[in-house]
Every structure is written in C-alpha cells, then in structure tokens.
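Observations on the three-dimensional arrangement
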Amino acid sequence: MNSSISERIVTIRSSLPTSVKLIAVSKQVSTQAIRSAYNAGIRDFGESRIQEAASKQAELQDLPDITWHFIGHLQSNKAKKAIEHFPWIHSVDNLKLAQRLDQLAQQLGVSPQVCLQVKILPDPNKSGWSVPELLADLPTLNQYKNLQIQGLMTIPPSGLKDSEIFNVFNRNRELAKEIQEQNWSHIKMQHLSMGMSGDYELAVQAGATMVRLGTILFGDRS
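On a predicted model such as this, the values are computed, not experimentally measured, just so you know.

1. As for the packing of aromatic side chains
Two measures describe an aromatic ring pair: the distance that separates the ring centres and the angle between the ring planes. According to the stated counting rule, one finds two aromatic pairs in the structure shown. Ring geometry for phenylalanine 70 and phenylalanine 86: centres 5.2 Å apart, planes at 70 degrees, overall edge-to-face. Here the residue phenylalanine 70 occupies a position in strand 3 (residues 67–70), and phenylalanine 86 occupies one in the loop between helix 4 (79–85) and strand 4 (88–92), the gap between them amounting to 16 residues. Phenylalanine 86 sits in the buried class, given a relative accessible area of 1%. Stacked on the ring of tyrosine 38, the Lys or Arg arginine 43 has its end atom at 3.6 Å from the ring centre.

Have a look at this one:
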C-alpha cells in the first residue's frame, strides 16, 4: 500500500454513511500509526489483546478523547482487566461471561457498553451464541443492569460468497429488530457491529452501525 494511513482513512470515511462508526483495529500497530489515524479524525480504536492495549493506552494518554473497543475473544479470567481498560466490549459471547462482567462492573462502579456476539451460521472456529441460544438467554441477560447491552456483533464464517456474507449480515439486522421488538428493559439494539476490511461494504449495505477495519487502514501486520 503506497498511500498513507491518513489518505486511506479519508477515502474510506468519505465512502461511509454518517450513521456508521469507523473503528480502526489497531492490534499489532504502533502508537505512531495510531497517532496518524487520530490526526486523520479517528477516535475509535479496536484492540484484541489487553496487555498490548494497556501499554498503548499509557503511551497515548495525551489523546484523552479516544474510545477503546475490545474486539477479541475475552476469557473470564481477563474480564476485570477488560472493563478497566475498555468502555466498549464487542465480543461478549456467552452468558457466563456476561454475568462475570456484570458483577465486576458493579464492583468497579462502571457500566461498560457491550455487544452480544452471535453466530448467525454454525462456525466451529468462532465463539458466540447461536440464534436459539441467544433468544433463550435474553431474560437472564436483561437482569444484568450494570452492562449497557447496545446491540449485536457478528463475524461470518470464512469462505462464503458475497451473497452469503450479505445474508449473514442481513439476518443479524433482522435478529436485532426481533429482539428490539420484545421491549426488554435493559437490552437495547441500537448497534450492529459487523464488517471488517474484506466485507465492510456488504455490512454497511445490510445496516451496520460500526465497522471494524484494520488491514485496509494500516496495511498487513507482521
């Protein structure tokens, strides 16, 4: 990639509807590159390793208006660190983890914003609720008042055709609508976190409100 990070960001941001938040996935990216993205207008950054993110956050304390999003698989034993370092967690992928985060949020006096990770199609390589599991767990999730459940996150299985990827994203949007119409007191469906560098245009067409872009902004990582 010959164009600069800032040029790529300007191009992609200009192609996105204003309703879509661009989260720059900065895992394995230097703080210098994050600063370039920041200077090009990005305020939302996604990381998937807590330790790596914490050291970057320490280095970037002079940029106080960054919002950090945790987008990787989160193990229960790292839940406390996750909510200490991330106001947003996109990858809450099971009931036990949600319960743990809710307890910790109460202890720490915070209320993290979370997305529920759902597998629209079966996929042995990914974590997340199946659709029937998620629907069955909603009454319990609704009791977790320290979490701000804001929507759904999904990642399609690899190897799908564009039309199949679009169908996954579209089904995710329909599922969010179904859940919204059930009028839960503590579950909102304002956000659809879906779409990465290879498929974000399809996600946007299907109604994504947040896209998680790394390679297309920062180039290939080592």
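There's plenty left to go through after this.
2. Looking at the UniProt feature "domain: Alanine racemase N-terminal" (unreviewed entry) in the protein
When the UniProt feature table is mapped onto this chain numbering, "domain: Alanine racemase N-terminal" (unreviewed entry) sits at residues 4–221. In residues 4–221, the share of helix is 43% and the share of strand is 20%. The end C-alpha atoms are 15 Å apart.

3. Some remarks on the pattern of salt bridges
Across all of its chains, the model carries 10 salt bridges by this definition. A salt bridge links aspartate 62 to arginine 35; its shortest N-O distance comes to 2.9 Å. Of this pair, aspartate 62 sits in the loop between helix 3 (50–59) and strand 3 while arginine 35 sits in helix 2 (residues 31–39), placing them 27 residues apart in sequence. In this structure, aspartate 65 and arginine 43 form a salt bridge, with 2.9 Å as the shortest nitrogen-oxygen distance. In this pair, aspartate 65 sits in the loop between helix 3 and strand 3 while arginine 43 sits in the loop between helix 2 and strand 2 (44–47), placing the two residues 22 residues apart along the sequence. Bridged by salt links that share partners, the residues Glu47, Arg49, Glu52 and Lys56 form one connected network.

4. Description of the pairing of strand 5 (residues 113–119)
Taken across its seven residues, strand 5 has five buried, putting it largely inside the fold. The pairing of strand 4 with strand 5 spans three bridges and is classified as parallel. Within the sheet, the bridge partner assigned to isoleucine 89 lies in strand 5 and is valine 114. The parallel pair strand 4 and strand 5 is bridged by helix 5 (residues 95–108), and the resulting crossover is right-handed. As defined by bridge partners, strand 5 adjoins strand 7 (residues 148–153) across five bridges and the pair is classed as parallel. The residue bridging valine 114 from the neighbouring strand is isoleucine 149, located in strand 7. Pairing analysis gives two bridges linking strand 5 to strand 6 (residues 129–130), with the strands arranged parallel. Across the sheet, valine 118 pairs through a bridge with tryptophan 129, a residue of strand 6.

About the criteria used
Residues numbered from 1 in each chain as written. Predicted model: local features only at pLDDT ≥ 70, side-chain atom pairs only at ≥ 80, totals over all residues. Heavy atoms only, no water. Phe/Tyr/Trp six-rings, centres within 6.5 Å; stacked < 30°, edge-to-face > 60°. Helix = DSSP H or I, 4+ residues; strand = E, 2+ residues; numbered from the N terminus. Buried < 20%, exposed > 50% of the residue type's maximum accessible area, 1.4 Å probe, protein only. Lys NZ or Arg CZ within 6 Å of the ring centre and 35° of its normal. UniProt positions renumbered as here; feature names shortened; annotations may be inferred. Salt bridge = Lys/Arg side-chain N within 4 Å of Asp/Glu carboxyl O. Pairing = 2+ DSSP bridges. Right-handed = clockwise from strand over helix to strand, strands pointing away.

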